[in-house]
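Structural overview for review
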Amino acid sequence: MLVHSVFFWLKPDLTEAQRAEFRRGLESLTVIRAAEALYIGTPAATPARPTIDTTYSFALTVVFRDVASHDAYQTDPIHRAFGEKFRGFWSRLQVYDAA
């Protein structure tokens, strides 16, 4: 199993409509067959602690069966279209892959 966690820091000047469009774009990734499971979220309203980073705008977690599934996801046309359409929406993107 491989867990692919992606954190997006959206540009502060985006409108609420653009943020909603971005979320719909993330939701479009759910149909990619290579993914076993896909979760989308925003920072949770948990008590503040020094170890918790709540500065990101959206988190995407995708679970894959193996590295080959991850690689297929990366080259899927839906994933590529998402990146091309929304690349200008974020100021920072951070990925953590765990096996």
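To be clear, the structure that these remarks concern was listed above.
An account of the accompanying structure is given in this report. (Residues numbered from 1 in each chain as written. Predicted model: local features only at pLDDT ≥ 70, side-chain atom pairs only at ≥ 80, totals over all residues. Heavy atoms only, no water.)

Here the focus is the packing of helix α1 (residues 16–28) against helix α3 (residues 77–86). Their axes nearest at 9 Å, the elements α1 and α3 cross at an angle of 165 degrees. With respect to α3, the element α1 is oriented roughly antiparallel. Every pair of crossing elements has a handedness; the one defined by α1 and α3 is left-handed. Residue-level inspection shows E21, F22, G25, L26 and S28 of α1 in contact with α3, the latter providing I78, F82, K85 and F86. For the contact of α1 with α3, the residue count by class is five nonpolar, two polar and two charged. (Axes fitted to C-alpha atoms, helices over the stretch in contact; angles between N-to-C directions. Helix = DSSP H or I, 4+ residues; strand = E, 2+ residues; numbered from the N terminus. Parallel < 35°, antiparallel > 145°, perpendicular 65-115°, else oblique. Left-handed = near helix turned anticlockwise from the far one by under 90°. Contact = heavy atoms within 4.5 Å. Nonpolar A, V, L, I, M, F, W, Y, C, P; charged D, E, K, R; others polar.)

Now for the packing of helix α2 (residues 67–75) against α3. α3 packs onto α2 with a crossing angle of 55 degrees between their chain directions and a minimal axis gap of 5 Å. Here α2 lies oblique to α3, going by the angle between them. Touching Y73, Q74 and T75 of α2 are P77, H79 and R80, all from α3. When the residues that make up the contact of α2 with α3 are grouped by side-chain class, the tally is two nonpolar, three polar and one charged.

This brings us to the layout of surface pockets. To find the voids left in a structure, one rolls a probe of water-molecule size over its atoms. Space inside the largest pocket adds up to approximately 260 Å³. Along its surface, the largest pocket is lined by 16 residues, and Q74, H79, F82, G83 and W90 are the ones closest to its centre. Sorting the residues of the lining of the largest pocket by element identifies β1 (2–10), α2, α3 and β4 (90–98) as the ones contributing at least two each. Per-element accounting of the lining of the largest pocket gives the leading share, five residues, to α3. Class assignment of the residues belonging to the lining of the largest pocket gives a composition of nine nonpolar, four polar and three charged. (1 Å grid on protein atoms, 1.4 Å probe; cavity = no way out; pocket = protein on both sides within 12 Å on 5 of 7 lines; lining within 4 Å. Points joined across faces, edges and corners; volume = space filled by probe spheres on them.)

The values are spatial; any link to function lies outside them.
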